[in-house]
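# What the coordinates show
This is what each chain is made of:
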Amino acid sequence: MLALTPNNLTDTPDFIINFMKEIPITWDETLYIDGYPGKYAVIARRRGDTWYVAGVNALKEPVKLELSLPMYAGTHIKAYNDNSRRETGLQEIQVKQKGLVKITIQPGGGFVLTN
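Residues numbered from 1 in each chain as written. Predicted model: local features only at pLDDT ≥ 70, side-chain atom pairs only at ≥ 80, totals over all residues. Heavy atoms only, no water.

Let us look at the sheet that holds strand β5 (residues 76–82). Pairing is antiparallel in the open sheet, where six strands are placed in the order β1-β2-β3-β8-β5-β6. Unpaired on one side and paired on the other, β1 (29–36) and β6 (88–94) mark the two borders of the sheet. Ignoring which end each strand starts from, the neighbouring axes of this sheet average 15° apart. Sheet analysis places strand β2 (residues 40–47) next to strand β3 (residues 50–57), joined by eight bridges and oriented antiparallel. (Pairing = 2+ DSSP bridges. Helix = DSSP H or I, 4+ residues; strand = E, 2+ residues; numbered from the N terminus. Axes fitted to C-alpha atoms, helices over the stretch in contact; angles between N-to-C directions.)

With that settled, the discussion passes to the pairing of β2. Two faces belong to every sheet, and in a regular strand the side chains alternate between them. The sheet contact formed by β1 and β2 spans seven bridges and is antiparallel. Bridged to Tyr 32 within β2 is Ile 43. Counting the residues between successive antiparallel strands, the hairpin from β1 to β2 contains three residues, one of them, Gly 38, with a positive phi of roughly 80°. If you look at the hairpin formed by β2 and β3, you'll find two residues sitting between the two strands, and Gly 48 has a positive phi there, around 65°.

Moving on, we get to the environment of Ser 68. Inspection of the secondary structure assignment puts Ser 68 in strand β4 (residues 63–68). Residue classification places Ser 68 among the partly exposed residues on the basis of a relative accessible area of 47%. Between the C-alpha atoms of Ser 68 and Ala 54, which are 14 residues apart in sequence, the distance is 13 Å. For Ser 68, the residues in contact, after removing those within four places along its chain, are Gly 99 and Leu 100. (Buried < 20%, exposed > 50% of the residue type's maximum accessible area, 1.4 Å probe, protein only. Contact = heavy atoms within 4.5 Å.)

Structure (structure tokens):
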């Protein structure tokens, strides 16, 4: 959560600051993907042809998911995700034709996928 990070403009890596500048403020579509009240949630939002899939974990243990994301089938996507040391990384993922994506949400953490 960038807003809760002390010294967020100086301590946050440039790739995260740049990502935050690009996020739309209005959406054309919102979809529920997965979740359980009080445990974790995954939603997808679309603006034009660009999808953002975001997840958060309220549990004290990691949540491992296999998500069905047909909007990403056969494409490369960017994954912003926490690791177990609470460091946010960026990686590119090739999504197979079936649109299945495996992801782990760290305790108290989250992720964003985008095309």
